[in-house]
Amino acid sequence: MTRQIAVDVAIIGGGTAGCAAALNLAKKGMSVALFEQKTVGSQASGVNFGGVRQHGRDLRELPLSLRSNEIWTDLPRLIGNDCEFVRTGHLKLAFNEAEMAVLEQFADDTRDLKLDIELFGRNALHKRFGWLDKTVFGASLCSSDGQANPRLVAPYFARAARAAGAHIHEHETVTGATKNGADFCLETRSGKSVHSATLLNVAGAWAERIAGWFGDFAPLQPRGPNMQVSEPLPYRLNVSIGAVGGGVYARQIPRGNLIFGGGYGWTDRDKIRARAVVENGREATKRMVTILPWTQDIQVIRTWSGIEGFLPDGIPVIGPSKTTPGLFHAFGFCGHGFQLGPVVGEILAELAMEGRSVISLDNFSIQRFST
Amino acid sequence: MASERIVIIGAGPAGVRAAQILVAAGIHPIILDEAPMCGGQIYRQQPPVLQRDYSELYGFEAPKAKRLHDTFESLRGSVDYRSDCLVWNLEQKNLHILHAGNSETISVDRLILATGAMDRILPFTGWTLPGVFTLGGAQIAFKSQACAIGRRTVFLGSSPLLPYIAYQYAKAGAEVVAVLDTTARAAKIRALPGLLSGGMTFIKGLYFMAWLRTHNIKYEYGVTPGEALGDQNVEGLRYTDQRGNQQMLECDAIAFGYGLRSEMQLADLAGCDFRFDPVSCNWCLALDGHGRTSVRDIYAAGDGATILGADAAELSGARAAHALLGDLNLGSQDTALGRLNQELDRMNIFRSALERAFAYPHHLAKAIPDSCIVCRCEGVTAGEIRSAVHELGADDINRAKAFCRVGMGRCQGRVCGPATEGIMAAVLNRDQATLGRFRTQAPVKPVPMACVWEKPPEDIVL
């Protein structure tokens, strides 16, 4: 049985960006239908580490990241829940002079942005953060960063979007989409036929296939984070930590559990399945035990993964299609899109309504992958 | 073929009988067991310092326990038996093992899962007080530590174990305050025709009930648990009797439970299919008629696949081994498989009757108060689970887990899973089977950090 749906904007993908776009559009009076193959926030948006970080980002992403940081603070008003967002700060560690130089460079490059960055040499670092191993050379602290519970963010955006009038369809796979004349036409697995003037492709690790339906190309690779969590421990890790060059990251929630990750898990994009792989997490875990020696004898209670989209240059695609007017993409956040989700929703709403966004998207064009 | 590495996980009734069949066919399996000695939960052995004889420990089941232990002893020279081994992860065909604080990996060609079962509970107010145990826990204290869980114990729930453990306790000299059965007497009577097919097992059950009666131990039917009372420790139990009257019993320990649930985490990590059994309200492994799971080269037997009890576990253990031998082209196994399935079919009739005589009280999930903790690992209350449904629209159990952390802690929902399913089914007015089951994520049980960062040696004896 075919059901016809006609909306202003159709959205494929129920991650934070998609749900936030739906909310922004619905609040502005647009009719919106979002389609999510599983449940909202069940992949990259929901399984990630939970770091809400501007620190150490690619400088091209910073204008987005700064705006998003404001939205994070505003979540209770915007979606009725803070999603456990706490501005704990993010501490990035260096193990030698060269790594320290990377941190100094970032602090220098972002001096005018009010990120609230503080550099620590060895002595000052160990005085301030006594739980760190003495081998850590130095670090940079970004106090305006924080952490949140990734499992709540997209669902609360979806809930708010529904309340604002958007239609959020879960367990509804879009099997194909075309543009006929002025209208996009989407077909779904359950037999819905959707017509819209605008189409937003925020389908995460699946988005490059949808881009491909319209002749857009991006060399996306699916990957999964390799996440672990410990039993509850006395609370002491009062900042989120990372290291220059990645490798390992960790945070502790007030309940006491230490969440940490590094390396990649196993993913099967077709079956929509993912899991952590012990072997792949070994180096990261070893490194964490070195950085936080008191974690050596703790117990690991759970591991997990999920499916994220990666692009070769480490930054996402955000912006209009190269081929099709009215189609906009936002995907390939390379494992660091959690913090950006809210602002990307805002940008997509601007693109859908005005065709352009306040923040420049020149660096994120899908055209950069065209030969 | 002779070089294939065959591993049995679990050395209870199913694992031991599987090993016996394999050894008889000239195969030397590796047996990994979490316990220090073979026997599983039901035929668990006491530590060497204790000297009670078989009849004192196992009662009527003493001959079966002895046979199983003896069989295993006779196999010791032909199997690579590793006790105290927790298999905490399965990635493709690699097993991750925790033994004496160290991690090892073993790659396997074929695997028989005989992982057993654990108590199934439904929380009630006060169940987290010290002094409240599961029925199985009360029995382990008795068998393995030669002690009772309290001086004055109430036994509560719905399980064939209920009269049996009460009898064991009373016979050993502990005071049994009362046995409170949540199944109504009428349901027991309706189950009688099926129960009769159980032969000796049924007669033994009758004997326990009669023994309790002749020793003036109160046995009530159709009760509804109310609240475990007490401040630091259990001091009493409030409940509603079958006539609807509030009652209170003084006690210093409560053992409760509603039958068993299969330990299926490894099968889940292997990607095996499951099915929901509406009679027992339990998730079971989906098996072909011969103990093969849906995943190639993985077999399953015993209560770890479907709750059928110890006698059936021995048969299904043998069945899985015969299926495996057939798959190795070691001669036709049809006769053996046919005979085993005939016996298992007969036991199934008894088992369904038993499931009705000691019915799972799924209606109790609806009545769990909002303030009652359901997931004790993460401190999640029934009210928070209901909110996850109302507020964020959780429509399956893993969504509820994502939203409110139920089942996310140390035990990964092995304890709170059935209750969470029941609570959500009631809120959503849906069949419990439609809510799914908690997805397993490694480790199966908590493991020391060293397991995930030290490269384990590939360590195989034999």
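What you are looking at is a predicted structure, and each value in this text was computed from that prediction instead of being measured. (Residues numbered from 1 in each chain as written. Chains lettered and ligands numbered in written order. Predicted model: local features only at pLDDT ≥ 70, side-chain atom pairs only at ≥ 80, totals over all residues.)

Draft legend 1. Summary view of the overall build of chain A. Looking only at helices and strands, chain A features 10 helices and 22 strands. What you see for chain A is a C-alpha radius of gyration of 21 Å, in line with the 21 Å of a compact globule of 371 residues. Buried residues in chain A amount to 55% of all 371 residues. Pairs at least 24 apart in sequence give 73% of the contacts found in chain A among residues at least 6 apart. (Helix = DSSP H or I, 4+ residues; strand = E, 2+ residues; numbered from the N terminus. Rg over C-alpha atoms; globule rule 2.2 N^0.38 Å. Buried ≥ 20, exposed ≤ 12 C-beta atoms within 10 Å, placed from the backbone. Contact = placed C-beta atoms within 7 Å.)

Draft legend 2. Region of interest: helix α4 (residues 135-145) of chain B. Residues and elements named next belong to chain B. When α4 is considered as a whole, its buried residues turn out to be L135, G136, A138, Q139, F142 and K143. Buried residues in α4, looked at end-on, bunch into an arc of 160 degrees, giving them a common side. Considering only its buried residues, α4 is in contact with α2 (54-58), β8 (117-119), β9 (132-134), β10 (152-157), α5 (161-171) and β16 (253-257). (Arc of directions from axis to C-beta.)

Draft legend 3. Representation of the domain arrangement of chain B within the structure. Here chain B is partitioned into domain 1 (6-119 + 261-354), domain 2 (132-258) and domain 3 (363-435). Residue composition of the side of domain 1 of chain B that touches domain 3 of chain B, grouped by class: 4 nonpolar, no polar and 1 charged. (Domains from an automatic or database assignment. Nonpolar A, V, L, I, M, F, W, Y, C, P; charged D, E, K, R; others polar.)

Draft legend 4. Quick look at the pairing of strand β22 (residues 327-331) of chain A. Residues and elements named next belong to chain A. Burial analysis of β22 places 5 of its 5 residues in the buried class, the great majority of the element. Neither face of β22 is exposed, since L327, H329 and F331 on one face and F328 and A330 on the opposite face are all buried. As paired elements, strand β11 (residues 192-201) and β22 share 3 bridges and run parallel to each other. Among the inter-strand pairings, L200 is bridged to a residue of β22, identified as F328. Direction of pairing for strand β21 (residues 317-320) relative to β22: antiparallel, over a ladder of 4 bridges. For G319, the partnering residue across the bridge sits in β22 and is H329. Adjacent in sequence and paired antiparallel, β21 and β22 are bridged by 6 residues, among which G326 carries a positive phi angle near 90 degrees. (Pairing = 2+ DSSP bridges.)

Draft legend 5. Local environment of the interface of chain B and chain A. Between chain B and chain A, the residue contacts involve 21 residues of the former and 26 residues of the latter. Elements represented by at least two residues in the side of chain B that touches chain A include exactly β4 (85-91), α13 (397-404), β23 (447-448) and α15 (450-453) of chain B. At 3 residues, α13 of chain B tops the list of elements feeding residues into the side of chain B that touches chain A. Two elements, strand β19 (residues 299-304) of chain A and β23 of chain B, share 2 bridges in a ladder whose sense is antiparallel. Bridge pairing in β23 of chain B places V300 of chain A opposite V447 of chain B.

Draft legend 6. Inspection of unusual backbone geometry at higher detail. In the segment running from A442 of chain B into P443 of chain B, the intervening peptide bond is cis, with an omega of -5 degrees. With respect to the helices, strands and loops of the structure, P443 of chain B is situated in the loop between α14 (417-428) and β23. The backbone of I272 of chain A sits at a positive phi, close to 55 degrees, despite the residue not being glycine.

Draft legend 7. Representation of the sheet that holds β16 of chain B. Residues and elements named next belong to chain B. One open sheet holds the 5 strands; their spatial order is β9-β16-β10-β11-β12, and the pairing between them is parallel. A strand with exactly one partner marks an edge of an open sheet, and here the two such strands are β9 and β12 (218-220). Direction aside, the axes of adjacent strands within the sheet are offset by 20 degrees on average. Relative to β16, β10 is paired through 5 bridges, and the arrangement is parallel. Each bridged residue has a counterpart across the sheet, and for F155 the counterpart in β16 is A255. (Axes fitted to C-alpha atoms, helices over the stretch in contact; angles between N-to-C directions.)

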